Amino acid sequence: MSDGARLWGGRFDAGPAEAFDRLNASLPVDRRLWRHDIQGSRAHARMLAAQGIISAEDGEAIASGLDRVAAELERGAFEFAPADEDIHTAVERRLTELVGDPGRRLHTARSRNDQVITDTLLYLREAADAQRARLAGLVGALLDQAEANLDTIIPGYTHLQRAQPVRLAHHLLAYVRMLERDRVRIEAVRAASDQSPLGSGALAGVGFPIDREMTAAELGFEGPSVNSMEAVGGRDQLAGYLHFATQLGVHLSRLGAEFVWWASEEVGFVEVDEAFSSGSSMLPQKKNPDAAELARAKAARLAADYAGLVGVMSGLPLAYNKDLQEDKAFLFDAVDTVDLLVPAMTGMVATARFRPEACRAACEGGFLAAIDLADHLVREGWPFRRAHEAVGSLVRACEATGVGLAEAGPDELAAAGLPDLELPPLDAQASVEAKDVFGGTARARVELALMAARAQLREW
Ligand code: ARG
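Conventions we followed
Residues numbered from 1 in each chain as written. Predicted model: local features only at pLDDT ≥ 70, side-chain atom pairs only at ≥ 80, totals over all residues. Heavy atoms only, no water. Helix = DSSP H or I, 4+ residues; strand = E, 2+ residues; numbered from the N terminus. Buried < 20%, exposed > 50% of the residue type's maximum accessible area, 1.4 Å probe, protein only. Contact = heavy atoms within 4.5 Å. Pairing = 2+ DSSP bridges. Near = heavy atom within 4 Å. Polar contact = N/O pair within 3.5 Å; in protein donor to acceptor, adjacent residues only side chain to side chain. Areas by Shrake-Rupley, 256 points an atom, 1.4 Å probe, with all protein chains shown as cover. Axes fitted to C-alpha atoms, helices over the stretch in contact; angles between N-to-C directions. Left-handed = near helix turned anticlockwise from the far one by under 90°. Expected span 1.5 Å × (residues − 1). 1 Å grid on protein atoms, 1.4 Å probe; cavity = no way out; pocket = protein on both sides within 12 Å on 5 of 7 lines; lining within 4 Å. Points joined across faces, edges and corners; volume = space filled by probe spheres on them. Nonpolar A, V, L, I, M, F, W, Y, C, P; charged D, E, K, R; others polar. Parallel < 35°, antiparallel > 145°, perpendicular 65-115°, else oblique. Salt bridge = Lys/Arg side-chain N within 4 Å of Asp/Glu carboxyl O. Phe/Tyr/Trp six-rings, centres within 6.5 Å; stacked < 30°, edge-to-face > 60°.

Caption draft 1: Molecular detail of the environment of L418. By secondary structure assignment, the location of L418 is in the loop between α17 (410–415) and α18 (428–434). For L418, a relative accessible area of 14% puts it in the buried group. Spatially, the C-alpha atom of L418 lies 35 Å from that of H171, the residues being 247 residues apart in sequence. Look past the residues within four positions of L418 in its chain and what remains in contact with it is W382, A390, L394 and L413.

Structural data, given as structure tokens:
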């Protein structure tokens with residue numbers, strides 16, 4: 001008995017085993033591409049008719065049939081059939097039920113191999129554009145907080161040990177820089193997705209005088225893809241997206257980690273708004289920075305999606321292989337994850353309340369200005385290495401008597417074997433102002449960086 005319900009039934013005696021059918025079906029994953037599938041089919045049918053490959057009447061029947069299929073899918077009235085392997089099969093099957101033979105002509109000069117990657121790129125371009133716009137919102141929120149905290153000074157850390165004071169704005173602008181590079185990456189993904197695979201057929205091109213420029217233009221692509229085998233057998237546009245998503249995930253994970261720590265009672269630099277926190281089912285006092293914690297964790301998932309696709313692609317001979325069907329689960333998971341993350345992080349950043357006094361207090365009374373003292377001695381003519389050692393000894397003497405560097409007096413200086421020097425101002429304010437270099441944390445430099453970042457954001 002031939003399995004005529006399948007697109008490929010003619011060559012087969014019997015239908016697939018149920019166990020294989022369940023493995024082979026991609027409909028649960030790719031049904032979200034239905035709009036793009038219909039969009040691609042509309043363009044293909046219109047081109048076939050324009051080229052005289054199918055008749056004008058068949059072209060019209062297909063177009064109105066596709067409208068009806070789209071309407072059914074839109075209102076949730078579309079009934080999927082057990083033999084609908086994937087969204088392409090489902091749409092063509094229903095179209096043929098509705099309009100008969102013209103539906104059977106739609107797949108002339110087309111393969112699901114060029115169809116699926118065309119659909120996927122249409123989807124990816126939309127997702128990339130939307131996510132780029134949302135990323136701009138996050139950058140805007142960081143810039144607003146940076147502007148509001150231009151004069152908030154926090155300890156900057158290395159090895160999570162207090163190192164030097166920095167403007168909070170400078171710290172937040174570091175994330176803006178990371179996100180700007182993420183923007184460059186997503187723009188590259190968008191550009192790499194701008195060639196239409198439609199017309200590549202199964203792998204070799206097709207035996208009809210199709211107009212690939214026409215379908216490419218109608219679908220909003222820059223032009224047709226150049227090599228049919230690469231077009232149906234490659235997925236590096238998707239890998240590019242997953243790299244972007246992974247790198248963005250890493251950036252948001254680090255930002256999330258900072259917020260978790262900053263919001264701890266031990267540190268207390270920021271209060272995360274209730275709207276981005278949750279409570280404990282047992283401990284009545286808890287207000288936990290869950291949005292930041294989830295951002296910290298999601299990078300792993302994005303990296304796993306990226307690793308998954310790269311794993312599927314590695315070693316795969318040209319051209320299309322069914323392995324490629326696995327691409328979309330990774331892509332969609334990453335798109336969904338980024339769609340969840342970016343708005344939540346934007347809201348969390350926008351509503352966060354920083355505590356400038358707590359930030360400043362963490363900068364005072366310790367040794368954050370040690371390098372400023374060493375620099376002062378260098379300006380007095382000391383060799384840097386000797387100044388470094390002398391200040392190191394002074395830090396040790398201050399630690400022994402329990403005072404901060406700015407409070408060091410004759411006792412500490414003597415204990416460190418130093419002459420009775422006049423100490424320069426060693427407060428956090430003086431320290432940040434001293435870092436008056438391009439890319440540094442002095443007020444004028446940070447103001448300039450903020451202005452430059454705002455100007456750049458207007459170009460997004
Ligand atoms: N569902 C398939 C996919 O996602 C569509 C392409 C199927 N092509 C084929 N030759 N069986 O990749």
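Caption draft 2: Representation of the pairing of strand β1 (residues 153–158) within the structure. When β1 meets strand β2 (residues 161–167), the two strands line up antiparallel, connected through six bridges. Residue pairing in the sheet places I154 in a bridge with V166 of β2. Remark: two residues form the turn of the hairpin made by β1 and β2, two consecutive strands paired antiparallel; H159 in that turn has positive phi of roughly 55°.

Caption draft 3: Geometry of the site of the ligand. The ligand sits among S26, D30, D86, H88, R112, N113, V116, Y320, K322, Q325 and K328. Separating an oxygen atom of the ligand from a side-chain N or O atom of Y320 is a distance of 2.5 Å. Between the ligand and the protein, one listed contact pairs an oxygen atom with a side-chain N or O atom of K328 at 2.7 Å. In isolation the ligand exposes 340 Å². Once the protein is present, 86% of that is buried. At three residues, helix α7 (residues 112–148) tops the list of elements feeding residues into the shell around the ligand.

Caption draft 4: Structural context of the packing of helix α4 (residues 56–74) against helix α5 (residues 87–99). α5 packs onto α4 with a crossing angle of 120° between their chain directions and a minimal axis gap of 9 Å. Regarding α4 and α5, the two cross each other, and that crossing is right-handed. Facing α4, whose interface residues are A61, I62, G65, L66, R68, V69, E72 and L73, α5 presents V91, R94, L95, L98 and V99.

Caption draft 5: Fine view of helix α3 (residues 34–50). Its 17 residues give α3 an end-to-end C-alpha distance of 24 Å, which sits within 8% of 24 Å, the value for a rise of 1.5 Å per residue. If you check which residues of α3 are buried, you get W34, H36, D37, I38, G40, S41, A43, H44, A45, M47 and L48. Elements in contact with the buried residues of α3: α2 (27–30), α4, α5, α6 (101–105), α7 and α9 (212–218).

Caption draft 6: Fine view of the layout of surface pockets. Estimates place the volume of the largest pocket at around 560 Å³. Around the largest pocket sit 22 residues that line it, and H170, L173, A174, R177 and G439 are the ones nearest its centre. Elements represented by at least two residues in the lining of the largest pocket include exactly α8 (168–192), α11 (236–262) and α19 (443–458). By residue number, the principal contributor to the lining of the largest pocket is α8, which donates nine residues. Grouping the constituent residues of the lining of the largest pocket by class yields eleven nonpolar, six polar and five charged. By volume, the second largest pocket amounts to about 360 Å³. The residue inventory of the lining of the second largest pocket, partitioned by class, reads four nonpolar, five polar and six charged.

Caption draft 7: Focus on the packing of α11 against helix α12 (residues 290–313). Where α11 meets α12, the closest approach of the two axes is 7 Å, and the angle between their N-to-C directions is 160°. One finds that α11 runs roughly antiparallel with respect to α12. Of the two possible hands of crossing, α11 and α12 adopt the one that is left-handed.

Caption draft 8: Expanded view of the environment of V349. Here V349 shows up in helix α13 (residues 327–351). For V349, a relative accessible area of 1% translates into the label buried. Sequence-wise, V349 and A361 are twelve residues apart; in three dimensions their C-alpha atoms are separated by 22 Å.

Caption draft 9: Seen up close, the side chain of D333. By secondary structure assignment, the location of D333 is in helix α13. Assessed through its relative accessible area of 18%, D333 is described here as buried. When near neighbours in sequence (up to four residues on either side) are disregarded, D333 contacts R301 and D305.

Caption draft 10: Representation of the pattern of salt bridges in the model. Tallied over the entire structure, the rule returns 39 salt bridges. For D58, the salt bridge goes to R105, with nearest N and O atoms at 2.9 Å. A residue pair is termed long-range when its members are at least 10 positions apart, and D58 in helix α4 and R105 in helix α6 qualify at 47 residues. What makes R105 partly exposed here is its relative accessible area of 42%. The salt bridge involving E271 is made with R355; its shortest N-O contact spans 3.9 Å. With E271 in strand β5 (residues 270–271) and R355 in the loop between β6 (353–354) and α14 (356–361), the pair connects residues that are 84 residues apart, well separated along the chain. Looking at E271, the relative accessible area reads 27%, which means it is partly exposed. Note on R355: relative accessible area 33%, which makes it partly exposed. One salt-bridge network, in which partners are shared between bridges, spans R6, D21, E85, D86 and R112.

Caption draft 11: Local environment of α4. For α4, with 19 residues, the first-to-last C-alpha span of 27 Å sits near the 27 Å given by 1.5 Å per residue. Along α4, the residues classified as buried are D58, G59, A61, I62, G65, L66, V69, A70, E72 and L73. Positive backbone phi, at 75°, marks G76, one or two positions downstream of α4.

Caption draft 12: Molecular detail of the packing of aromatic side chains. Summed over the entire model, instances satisfying the criterion amount to eight aromatic pairs. A ring pair is formed by Y241 and F244, whose centres lie 5.5 Å apart and whose planes are at 50°; its orientation type is tilted. One end of the pair, Y241, and the other, F244, are both in helix α11, three residues apart, so they sit about a helical turn from each other. What makes F244 buried here is its relative accessible area of 0%. Their ring planes at 55° and their centres at 5.5 Å tell us that F259 and W262 sit as a pair that is tilted. In this pair, F259 and W262 are both assigned in helix α11, three residues apart and thus about one turn of the helix distant. Exposure class is identical for F259 and W262. Each is buried.

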